[in-house]
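# What the coordinates show
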Amino acid sequence: MNATPMTLRYPVFLPDGRELLPAGTCLSRRLLKEISSRRGRKRDPARSLIRHGTVRRDLREMIRQGTYRAVFRDRDECSDLFRRMEQDRLPLPLLESLDYFHRKDPYTYRHTLMVFALSCLLDRRLGKFRAGIEENRAGPLHDVGKLCVPLDILRKSSPLRRTDRDVLEHHTLAGYTLLFHFLGEAGEPSANVARDHHERMDASGYPRGIRLRNRLAEVIAACDVYDALVSPRPYRKESYDNRTALEEITSMAEQGKIGWGIVRALVAHNRKDRPPPGLCKVSSEKRGTPPEGNLYGIIVEDRPAPPNTA
Ligand SMILES: [Fe+2]
Ligand SMILES: [Fe+2]
C-alpha cells in the first residue's frame, strides 16, 4: 500500500445507510485489515453480475446505441465478451448497490456497466484476458463509492460548487473502504482501482495526487474517461462524437496523464481494419469539436460566509 496518508473527509456509509467509518478516519493498513476480517466471518453469497436483474438485457441495449454500436460491432467478439463477463461474480450487497443506481441514478448505472464491458473489451484487445476473476471486478466496482455521494450532486446539471466537487471526489476513498468491507483483503486489487482510477501518471489526479503506476487502474481510468465523453451526461446536452472523444484521450497521453499503450488499443479498436495495438500509429492532429455547453470541470467557488453583524 502506498504510504501517502489517506484521511476521510466525509463519512463512509454502507448501502443500508449505516455509517461504516466517520469523517476524519485515517485509512491505515491496520484499520483496513480489521474491516476486512470483521466481514470475513460472514461472507456474502456471490452471483454473476450479468445474470443479475436486467443487467444482460440493459447491456445488450447499451452497446447498440450511439458510438457503442461501432465499438461493439463484431458479433463473435461480443459473444466472447459476454461469455467472459458471465464469470464475474459479485457479493449480493454490491449487486444490490447496482440496483440502487439503476433506480436512482441511471447515468451511474449505465456508466458502471459500460466501463465493465469496455474494460473487458480492451483487455481482450491487449491480449490480457486473465484467468483469475478478481481483476475483472474492478470495472463494475470502480465507482461503487458514489453510494456515499448525495444524489443531487451526482445528478446535478449545473456547474458544481467547490464543496460539491470535494464530496464527489470522496467516492474514491469511500469505494476503497467499501470494497475492503465487502470483498476482504482478496478484493484489494479492485479496492485499489476504486481508489486510484482518478489518479494520473503525472500526479495531477485525486484523491492523493500520486503518480499512477497501476496498470489495471490505468485501463479503467481510460475506459472511465471515454465512456464519460461518449455517453449522455446531466451536465451537457450532447455527448462527444467518437473522433473528438478519442482525440481527448490522445491529448491525455500527450500530456503524460495516461499511457500510450491503452490509448493505442482504444484507437486501434476504433479503426476500420483494427490493427494490433502495437502497430497502431496515433495521429496528433485534432479535428474534432467538443459539444457546446459542456459544463464538465467548471467549478463555482463557494460564497464566503456573510460577516457576522450581530
Ligand atoms: Fe470515479
Ligand atoms: Fe467512473
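All chains use their own residue numbering, which begins from 1 and follows the written sequence. Whichever chain is written first becomes A and whichever ligand is written first becomes 1, with later ones labelled in order. A pLDDT threshold of at least 70 governs which residues receive local features in this predicted model, and a stricter bar of 80 or more applies before side-chain atom pairs are shown or counted, although totals over entire chains, interfaces and linings include all residues. Working from all heavy atoms in the structure, the side-chain values ignore hydrogens and water.

A few words now on the environment of Leu21. Locating Leu21 in the fold gives a position in strand E2 (residues 19-21). Between buried and exposed lies partly exposed: a residue is buried under 20% and exposed over 50% of the maximum accessible area for its type, with that area taken using a 1.4 Å probe on protein chains only. The class of Leu21 is buried, set by a relative accessible area of 6%. In this structure the C-alpha to C-alpha distance between Leu21 and Tyr10, which are 11 residues apart in sequence, comes to 8.8 Å. Note on definitions: a residue-residue contact is assigned when non-hydrogen atoms from the two residues lie within 4.5 Å. In contact with Leu21, not counting residues within four places along its chain, are Leu8, Pro11, Val12, Leu27, Leu31, Ile35 and Thr177. Under the scheme used here, helices are H or I runs from DSSP no shorter than 4 residues and strands are E runs no shorter than 2 residues, and both carry numbers assigned from the N terminus.

With that settled, consider helix H2 (residues 55-62). One full turn of an α-helix is made of 3.6 residues, so residues set three or four places apart face in the same direction. Of all the positions in H2, only Val55, Asp58, Leu59 and Met62 are classed as buried. In an axial view of H2, the angular spread of the buried residues amounts to 95°, which keeps them on one side of the axis. Where H2 is buried, its residues contact helix H3 (68-71), helix H4 (75-86), helix H5 (92-104) and helix H6 (106-125). By construction, the arc corresponds to the directions joining the helix axis to the C-beta atoms.

Distances from the iron ion (ligand 2) to its protein donors, namely His111 (NE2), His142 (NE2), Asp143 (OD) and Asp224 (OD), fall within the range 1.9 to 2.3 Å. Excluding water, the donors of a metal are its N, O and S neighbours within 2.8 Å, or within 3.2 Å for Na, K and Ca, and that exclusion means sites may look incomplete. Considered as a linear motif, the donors of the iron ion (ligand 2) on their single chain read H-x30-H-D-x80-D. The distance between the iron ion (ligand 2) and the iron ion (ligand 1) comes to 3.5 Å, and Asp143 binds to both of them. Separated by 82 residues along the polypeptide, His142 in the loop between helix H7 (138-141) and helix H8 (151-154) and Asp224 in helix H11 (residues 215-230) bring together distant segments of the chain.

Turning next to the side chain of His181. Checked against the element boundaries, His181 lands in helix H9 (residues 162-183). The contacts of His181, once residues within four sequence positions are left out, are Leu14, Leu20, Ile35 and Arg39.

Let us look at the packing of H6 against helix H13 (residues 260-270). Packed helices, taken two at a time, are described by their axes: the angle between them and the distance between them. To get an axis, fit a line to the C-alpha atoms, keeping to the stretch in contact for a helix; angles then go from 0 to 180 degrees between the N-to-C directions. Relative to each other, H6 and H13 sit at 95°, their axes nearing to 10 Å. Our classification of the angle between H6 and H13 gives roughly perpendicular. Residues Leu121, Leu122 and Arg125 of H6 form the contact with H13, whose participating residues are Ile262, Ala265, Leu266 and His269. Residues are grouped as follows: Ala, Val, Leu, Ile, Met, Phe, Trp, Tyr, Cys and Pro are nonpolar; Asp, Glu, Lys and Arg are charged; every other residue, Gly included, is polar. Residue composition of the contact of H6 with H13, grouped by class: five nonpolar, one polar and one charged. Orientation categories follow fixed angle ranges, with anything under 35 degrees roughly parallel, anything over 145 roughly antiparallel, 65 to 115 roughly perpendicular, and all other angles oblique.

Bound to the iron ion (ligand 1) on the protein side are Asp143 (OD), His171 (NE2), His197 (NE2) and His198 (NE2), at distances that span 2.1 to 2.2 Å. A site with four donors is called tetrahedral when every donor-metal-donor angle falls between 85 and 135 degrees; four donors are called square planar, and six octahedral, when opposite donors sit more than 155 degrees apart and all other angles fall between 65 and 115; any other arrangement is irregular. Coordination at the iron ion (ligand 1) comes from four donor atoms whose angles at the metal span 86 to 177°, giving a geometry best classed as irregular. Look at where the donors of the iron ion (ligand 1) fall in the sequence and you get D-x27-H-x25-H-H.

Bringing helix H10 (residues 188-196) into the picture now. Of all nine residues making up H10, eight are buried, and the element is well covered by its neighbours. Listing the buried residues of H10 in full gives Glu188, Ser190, Ala191, Asn192, Val193, Ala194, Arg195 and Asp196.

In this section: empty space enclosed by the protein. By rolling a water-sized probe across the atoms, one finds the places where empty space is left. Lining residues are those with an atom within 4 Å of a point, where the points come from a 1 Å grid over the protein atoms alone and group into cavities, where a 1.4 Å probe fits but cannot get out, or pockets, open sets with protein on both sides within 12 Å along at least five of seven lines. Grid points are joined across faces, edges and corners, and a volume is the space filled by probe spheres set on the points. For the coordinates displayed, the defined rule picks out two cavities of 30 Å³ or more. Taken as a whole, the largest cavity holds about 80 Å³ of empty space. What lines the largest cavity is simply Leu49, Leu90, Leu94, Leu95, Ser97, Leu98, Phe101, Thr112, Pro140, Leu141, Asp143 and Val144. Of all the elements in the fold, those that place two or more residues in the lining of the largest cavity are H5 and H7. When residues in the lining of the largest cavity are grouped by element, the largest group, five residues, is from H5. In terms of residue class, the lining of the largest cavity is made up of nine nonpolar, two polar and one charged.

Space inside the second largest pocket adds up to approximately 280 Å³. Forming the boundary of the second largest pocket are Arg243, Leu246, Glu247, Thr250, Val267, Asn270, Arg271, Val282, Ser283, Glu285 and Arg287. Elements with a minimum of two residues in the lining of the second largest pocket: helix H12 (242-254) and H13. Looking at the lining of the second largest pocket, the element that brings in the most residues is H12, giving four residues.

In predicted models, pLDDT denotes the confidence assigned by the predictor to each residue on a 0 to 100 scale. Per-residue pLDDT for the chain has a mean of 89; in total, 92% of the residues score no lower than 70. Ignoring residues within four places in sequence, the model shows residues 129-134, a span with pLDDT below 50, making 20 contacts including any to other chains.

With an omega dihedral of 10°, the bond running from Tyr206 to Pro207 counts as a cis peptide bond. Structurally, Pro207 is set in the loop between H10 and H11. A positive phi is found at Ala203, a non-glycine position, where the angle reads about 70°. Summarising the element assignment, Ala203 is placed in the loop between H10 and H11.

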